[in-house]
Amino acid sequence: MTDRASALLLNDRQKQCLRLVYENLEAKEIAQRLSLSPHTVNEHLRDARRILGVSRSLQAARLLADVEGHERLVHKPFGVDPGPDTVEQEDEPTAAGPEVPVTRNRYRLTATQRLGIVVGLALAIVVLGGALVGTADLVGRLMSKYRVDISDGPYKH
């Protein structure tokens, strides 16, 4: 399979990750830029290497750049929205096609939200524990009231 045909098998996230590798970003930086976990970025890069048949991510990134006709002289990655700190220059044309929307990681929580979850879980555990103890007490009282003795089995003579 040719490089161009292999590159067509890559999904958008794999291409985004490879473009950022081509700009010398590490997995942690790519993850931050794309609102992903570093583990997810590494999975995308591993899958892209497998599809392209190379052993290193930079090799895969170079192959993609060659297929897409990207030159490394530009200062920003192509086809990826710049981070909030970066200023875009309007006079520079982009070599990538349509922009791919970058979604926010749904598991990113603030410290207050995390604390709320922990407190909520602790409260639920206390309530459920109390319900369990109350139920056990009720069963014990009913058994005492009706003089149910469970110490001897029903088949014991």
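As the structure is a prediction and not an experimental result, all values here were calculated from the model.

Colleague: Explain the overall build of the protein chain here, please?
Modeller: The secondary structure content of the protein chain amounts to 6 helices and 0 strands. Along the protein chain, helices (α) and strands (β) appear in the sequence α-α-α-α-α-α when read from the amino end. Among the 157 residues that make up the protein chain, the fraction classed as buried is 27%. A sequence separation of at least 24 residues applies to 62% of the contacts in the protein chain between residues at least 6 apart. Approximately 11,700 Å² of the protein chain is accessible, and the part contributed by carbon and sulfur atoms is 58%.

Colleague: Looking at this structure, I do not really get a nonpolar patch on the surface. What am I missing?
Modeller: A cluster of nonpolar side chains, contributed by Leu-138, Leu-142, Tyr-146, Val-148 and Ile-150, occupies part of the molecular surface with about 540 Å² of accessible area. Within the fold, Leu-138 resides in helix α6 (residues 111–145).

Colleague: How do you make sense of helix α4 (residues 38–52) when you look at a structure like this?
Modeller: With 15 residues, α4 extends 21 Å between its outermost C-alpha atoms, agreeing within 8% with the 21 Å of an ideal straight helix rising 1.5 Å per residue. What α4 keeps buried is the set Val-41, His-44, Leu-45, Ala-48 and Leu-52. The buried side chains of α4 occupy one side of the element, clustering within an arc of 95° when seen end-on. Facing away from the buried surface of α4 by more than 90 degrees, the exposed residues are His-39 and Arg-50. Contacts from the buried residues of α4 go to α1 (3–8), α2 (12–22), α3 (27–34) and α5 (57–68). With its phi angle positive at about 75°, Gly-53 sits one or two positions after the end of α4.

Colleague: Would you explain the confidence of the model for the protein chain in this entry?
Modeller: A low pLDDT score tells you not to read the predicted coordinates there in detail. In the predicted model, the protein chain carries a mean pLDDT of 80, and the fraction of residues at 70 or more is 71%. When pLDDT is averaged over each helix and strand of the protein chain, the minimum, 77, is found for α1 and the maximum, 94, for α6.

What counts and what doesn't
- Residues numbered from 1 in each chain as written.
- Predicted model: local features only at pLDDT ≥ 70, side-chain atom pairs only at ≥ 80, totals over all residues.
- Heavy atoms only, no water.
- Helix = DSSP H or I, 4+ residues; strand = E, 2+ residues; numbered from the N terminus.
- Buried < 20%, exposed > 50% of the residue type's maximum accessible area, 1.4 Å probe, protein only.
- Contact = heavy atoms within 4.5 Å.
- Areas by Shrake-Rupley, 256 points an atom, 1.4 Å probe, with all protein chains shown as cover.
- Patch = residues over 30% accessible without salt bridge, like charges linked within 9 Å, V, L, I, M, F, W, Y side chains within 5 Å.
- Salt bridge = Lys/Arg side-chain N within 4 Å of Asp/Glu carboxyl O.
- Expected span 1.5 Å × (residues − 1).
- Arc of directions from axis to C-beta.
- pLDDT = per-residue confidence, 0-100.

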